[in-house]
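Descriptive analysis of the structure
Now for the letters of each chain:
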Amino acid sequence: MTELRFTEEQRDCLQELINVAMGLASDKLARYLNTFVHLQVPAIRLVDTEQLPEHFASRYEQQSVTMISLGFFGDQGLRGETIMLYQLANVDVIAKLLGYSNDDSSEAEMLTDISSVLTTTFLNGLAEQLENSFSYAAPRILSSRDQHFADKLASTAEQWQLALQVDIRYQLTDYSFNCDMILLIPGEAMMRLRLILDQFLASF
Amino acid sequence: MQLDWLVQPLLTQLNTGVLVLDAAHNIVYFNQFIARRADIQLSDVSGRLVYDIFADAPKAWLQRKIDGVLALQSPAFSSWEQRQYIIKLPHLRPVSSGSQHMAQNCSMLPFKAPNSAEQFVCLLIEDATDAYVYQQQLQHSMAQLELANRTDGLTGVFNRRHWQHELGQEIQRAKRYQHPLSLLLFDLDKFKQLNDQYGHQGGDAVLIELSGIIAALLRDTDVLGRYGGEEFGVILPETDMAGALLVANRICAAAGHQMLFNGHYINATVSIGVSSFSGQTIDELIQQSDIALYNAKRQGRNQAVAWQQQPETYLKKVK
Amino acid sequence: MALTALICDDSLLARNQLKKSLPADFDASITTASNGLEALAVLRSQEIGIVFLDLTMPELDGVGVLEAIKAEAMDCLVIVVSADIQPEMQKRVMELGALAFIQKPASAAKLADVMHKYGLI
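Just so you know, these numbers come straight off a predicted model, no measurement behind them. (Residues numbered from 1 in each chain as written. Chains lettered and ligands numbered in written order. Predicted model: local features only at pLDDT ≥ 70, side-chain atom pairs only at ≥ 80, totals over all residues. Heavy atoms only, no water.)

1. So, the overall build of chain C
This is how it is decided: Secondary structure elements are defined from DSSP: runs of H or I of at least 4 residues count as helices, runs of E of at least 2 residues count as strands, and each element is numbered from the N terminus. Atoms counted for the radius of gyration: C-alpha only. Globule rule: 2.2 Å times the number of residues to the power 0.38. Here's how the labels work: a residue is buried when its accessible area is under 20% of the maximum for its type, exposed when over 50%, partly exposed in between, all with a 1.4 Å probe on protein chains only. Any two residues having at least one pair of non-hydrogen atoms within 4.5 Å are treated as being in contact. We get accessible surface area from the Shrake-Rupley algorithm with a probe of 1.4 Å; when it comes to residues, only the shown protein chains can shield them. For the charge count, each Lys or Arg is scored as positive and each Asp or Glu as negative, with His and the chain ends excluded. Just so you know, the charge point we use is NZ for Lys, CZ for Arg, CG for Asp and CD for Glu.
When you go through chain C residue by residue, the secondary structure sums to five helices and five strands. For 121 residues, the compact-globule formula gives about 14 Å, and the C-alpha radius of gyration of chain C, at 13 Å, lands near that figure. Considered along the principal axes of its C-alpha atoms, chain C spans approximately 30 × 30 × 25 Å. Out of the 121 residues belonging to chain C, those deemed buried represent 53%. A separation of at least 24 residues holds for 63% of the contacts in chain C among residues at least 6 apart in sequence. Carbon together with sulfur atoms contributes 51% to the accessible area of chain C, which is approximately 5700 Å² in total. The average position of the 10 basic charges and that of the 16 acidic charges among the side chains of chain C differ by 4 Å.

Here is the structure:
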């Protein structure tokens, strides 16, 4: 599906939009969480959805991974799904980060909470720059510690033509943890995204 | 076309709860969905703190969520799968579901008043009781199915497939931690004769009774399974050959008593082959117990025999 | 003599965005660079009055450029334009001699404000 690829200009544009969205998100999160947050985006990568499960299976090897999906819809036919991958060793850090004591929240709830906070603040920043706005579906846990996430990722990714892999590292004053975010965009919305990027580029 | 008139009747008829709070978490608005189920009137509670009106809501958690929505200006969500409900409301299927309270999906959305900086949070509450009930039923069925998948229909002990799977796991564990592990294979003596004399029902009754007697002798960590017709296996983790022989002899003694069936006393005895793990594959280990079992039969039945390296016993297997 | 400006960012979009956001009355000839090494090459070979500098770049990052400018005592003003707004980073670049720190995407108003303050327009 070569027609789904970005031109170098489009890729550069998207990378910059994502960098800025991350900057906006980190600023908001820092104020909300009352701690310094640094969201770093080393690079975005377009990944063939067919390679995606294999890529992440080897990345996480035998470690337990929880996979959480959140769907988004915007104007101009822009829509997609984000997949967040968490290593379970990080759950305690996430609980501290969100200010949860061991009181009343399950692991699943904490992970869906952090996912919606991280993805919606980031995607809002992206939408803002594109003069768009997104609405969101509630986050869902696609697989948890006892399931093989690569199989699940394979069946999820099958429905999408393009996957944009965004590695995110969250650094906080007192803790740091890694997680991965994957932006999945269906072929049709991908065409729209290219148009939107072209319009955006044309305004300069 | 002017459509403003639509908003009020839609909110009233909407099958989703709409609850709007101001930045201080005071109630600003709710629709009929909530009014009727909670039996409250907006005019009575408007301006009151939401936690005072819905006193059993998870306050600390809800505060954190709503503050997050306001601070980040991005939505938050709650699913019945993680938290069954946020505010206690009755639902419309109190008879068919096991729960009294409505299972809820909730979206919390940020809003800003158009001409001021005033901020609001809107909670959309959906009734997910049906999904909740289906999931409860599904989980129950799955649990039953899984149990059925692992057990032998007649005796209730593990079936061969699951038992062998467990043996594989125990071998891995023994190998990894260098712990002892032993295996018993045993067989009801002269089962064919028994069947001929008392019928298959008699044979079945003996198998059932025998499984019960042996299960009662074992530790929680031992694994009993039905290997074939009248053949059973026991996995003994953390047990060396000497310990395994003790257990095997205890089984021989316990099985050797008379069982009552249809007014007849049936005399059943068992022969047992014992092997211990020392690096063999699962098939080799089973084969060694099987050879020992054959030797127990050959030496007169009703006894336990340990496996020994005896090449001549490989010649032929007769029971 | 007209002012000379250098825009250094690895993203073409970011360079164009910045160019477009510069005040209309900022009369300068503009050179661009897409990483820190290119930027230093320009700075060593031309008179540059003002540098708009991104931080996260390949080859040599913005901090590296600032360090070189300081070490070689180059005579240019630097305004950092970055999406990376962590306080430590802001503090560090200011200590290295940056004039101001502007968050990406740089708004025209903010740019005009800063440039006016330092007499660039």
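What follows continues from the structure just given.
2. Structural notes on the sheet that holds strand S7 (residues 223-226) of chain B
Residues and elements named next belong to chain B. Rules: A strand pair is defined by DSSP finding two or more bridges across the two strands. Orientation is described by axes fitted as lines to C-alpha atoms, over the contacting stretch for helices, and by angles from 0 to 180 degrees between their N-to-C directions.
Reading across the sheet, the five strands line up as S7-S8-S6-S11-S12 and stay open at both edges, with mixed pairing between neighbours. Strands with a single pairing partner mark the edges of an open sheet, and in this sheet they are S7 and strand S12 (304-306). Put simply, the sheet's adjacent strands are angled 20° from each other on average, direction ignored. Examined bridge by bridge, strand S6 (residues 181-188) and strand S8 (residues 231-237) share seven bridges and lie antiparallel to one another. If you follow Leu183 over to S8, its bridge partner there is Ile235. On top of the sheet, helix H9 (residues 241-255) reaches S6, S8, strand S11 (270-276) and S12; it is set at about 170° to S11, its chief contact.

3. Thoughts on the UniProt feature "modified residue: 4-aspartylphosphate" (unreviewed entry) in chain C
Residue and element names in this part refer to chain C. Put simply, the rule is: UniProt positions are given in the numbering used here, feature names are shortened, and annotations may be inferred rather than shown by experiment.
On the UniProt side, "modified residue: 4-aspartylphosphate" (unreviewed entry) is annotated at positions that read Asp54 here. Counting through the fold element by element, Asp54 comes out in the loop between strand S3 (50-53) and helix H3 (62-71). Given the relative accessible area of 4%, Asp54 is considered buried. Here Asp54 is in contact with Cys8, Asp9, Asp10, Gly62, Val81, Ser82 and Lys104, once residues within four sequence places are set aside.

4. Describing unusual backbone geometry
Residue C:Pro105 is reached from C:Lys104 by a cis peptide bond, and omega for that bond is -10°. Turning to its location among the elements, C:Pro105 is positioned in the loop between strand S5 (100-103) and helix H5 (108-117). Positive phi, close to 60°, is recorded for A:Gln76, a residue that is not glycine. Mapped onto the secondary structure, A:Gln76 falls in the loop between strand S3 (65-74) and strand S4 (79-87). On the basis of relative accessibility, which here comes to 36%, the residue A:Gln76 falls in the partly exposed class. A positive phi angle, near 50°, is found at B:Gln73, a position not held by glycine. Its location among the elements puts B:Gln73 in the loop between helix H5 (59-72) and strand S3 (76-78).

5. Quick word on the sheet that holds strand S2 (residues 27-30) of chain B
Residues and elements named next belong to chain B. Strand order in the open sheet formed by five strands is S2-S1-S5-S4-S3, and the pairing between neighbours is antiparallel. Strand pairing shows two members of the sheet lacking a second neighbour, S2 and S3, which therefore form its edges. Looking at each pair of strands side by side, their axes are set apart by 20° on average, direction ignored.

6. Regarding the packing of aromatic side chains
All names here are of chain B. The line we're drawing: Centre distance within 6.5 Å is the pairing criterion for rings of Phe, Tyr and Trp, where only the six-membered ring of Trp is used; planes under 30 degrees apart are then read as stacked, over 60 as edge-to-face, and the remainder as tilted. Each ring is checked for a lysine NZ or an arginine CZ that lies within 6 Å of its centre and within 35 degrees of its normal; such an atom marks a charge sitting over the ring.
Throughout the structure, instances matching the rule amount to four aromatic pairs over all chains. Aromatic pair Phe186 and Phe232: ring centres 5.5 Å apart, planes at 10°, arrangement stacked. In this pair, Phe186 sits in strand S6 while Phe232 sits in strand S8, placing the two residues 46 residues apart along the sequence. Taking relative accessible area as the criterion, Phe232 reaches 1% and is therefore assigned buried. When the ring centre of Tyr227 is taken as reference, the NZ or CZ atom of Arg160 above it lies at 4.0 Å.

7. With respect to helix H8 (residues 191-217) of chain B
Residues and elements named next belong to chain B. Selection rule: Every helix has an expected span of 1.5 Å times one less than the residues it contains. The bend reported for a residue corresponds to the angle between axes fitted to the seven residues ending at that residue and the seven starting there.
Its 27 residues give H8 an end-to-end C-alpha distance of only 22 Å, which falls more than 12% under 39 Å, the value for a rise of 1.5 Å per residue. The largest bend in H8 comes to about 125°, at Tyr198. Buried residues of H8: Phe191, Leu194, Asn195, Tyr198, Gly202, Gly203, Val206, Leu207, Leu210, Ser211, Ile213 and Ile214, and no others.

8. A look at the pattern of salt bridges
Test applied: Salt bridges are defined as contacts in which a side-chain nitrogen from Lys or Arg sits within 4 Å of a carboxyl oxygen from Asp or Glu.
Within this structure, the stated rule accounts for 15 salt bridges over all chains. Linking B:Arg83 and A:Glu109 is a salt bridge whose minimum nitrogen-to-oxygen distance equals 2.8 Å. Pair noted here: B:Arg83 is in the loop between S3 and strand S4 (104-112) and A:Glu109 is in helix H4 (residues 107-129), and the two residues belong to different chains. The same class applies to B:Arg83 and to A:Glu109, which are both buried. Across the pair C:Arg44 and C:Glu72 runs a salt bridge whose closest N-O atoms are separated by 2.6 Å. Placement of the pair is C:Arg44 in helix H2 (residues 36-45) and C:Glu72 in the loop between H3 and strand S4 (77-82), with a sequence separation of 28 residues. On the accessibility criterion, C:Arg44 (52% relative accessible area) is exposed. It is possible to trace a salt-bridge network through shared partners that takes in A:Glu16, C:Asp9, C:Asp54 and C:Lys104.

9. So, the interface of chain A and chain C
Just so we agree on the cut-off: For any pair of parts, buried area is found by adding up, for both, the accessible area (1.4 Å probe) each one loses once the two are put together. A 3.5 Å cut-off defines polar contacts: any pair of N or O atoms within that distance qualifies, except that in protein one atom must be a possible hydrogen donor and the other a possible acceptor, and neighbouring residues in sequence count only when both atoms are side-chain atoms.
In this assembly, 17 residues from chain A lie in contact with 18 residues from chain C. For the pair chain A and chain C, the two sides together bury roughly 1400 Å², of which 65% comes from carbon and sulfur. Put simply, A:Glu16 and C:Lys104 hold a salt bridge, and the shortest N to O gap is 2.6 Å. Taken together, chain A and chain C are joined by five residue pairs in polar contact (both at pLDDT 80 or more). Among the elements that make up the side of chain A that touches chain C, the one with the highest residue count is helix H1 (residues 8-33) of chain A (eleven residues).

10. Some remarks on the interface of chain A and chain B
Which entries qualify depends on this criterion: Only Asp, Glu, Lys and Arg are considered charged, only Ala, Val, Leu, Ile, Met, Phe, Trp, Tyr, Cys and Pro nonpolar, and every remaining residue, Gly among them, polar.
On the side of chain B, 15 residues touch chain A, which itself brings 25 residues to the contact. In total, chain A and chain B occlude about 1500 Å² of area from one another, counting both sides; carbon and sulfur atoms represent 51% of this. At the boundary of chain A with chain B, the tally comes to three salt bridges. Residue A:Arg140 is joined to B:Glu81 by a salt bridge in which the shortest nitrogen-to-oxygen separation is 3.3 Å. Here chain A is connected to chain B by six residue pairs in polar contact (both at pLDDT 80 or more). If you list the elements that add at least two residues to the side of chain A that touches chain B, you get H1, H4 and strand S6 (140-143) of chain A. The element best represented in the side of chain A that touches chain B is H4(A), accounting for nine residues. When grouped by side-chain class, the residues that make up the side of chain A that touches chain B number eleven nonpolar, eight polar and six charged.

11. Details of the packing of helix H7 (residues 160-177) of chain B against helix H10 (residues 282-298) of chain B
All names here are of chain B. Operational definition: Comment on the angle field: the value is read as roughly parallel under 35 degrees, roughly antiparallel over 145, roughly perpendicular from 65 to 115, and oblique elsewhere. The hand of a helix crossing depends on one turn: near helix anticlockwise from the far one by less than a right angle means left-handed, and clockwise means right-handed.
Their axes nearest at 10 Å, the elements H7 and H10 cross at an angle of 110°. Considering their axes alone, H7 and H10 lie roughly perpendicular with respect to each other. Where H7 crosses over H10, the handedness of that crossing is right-handed. The segment H7 lies against H10, with Trp163, Gln164, Leu167, Gly168 and Ile171 engaging Ile282, Leu285 and Ile286. When grouped by side-chain class, the residues that make up the contact of H7 with H10 number six nonpolar, two polar and no charged.

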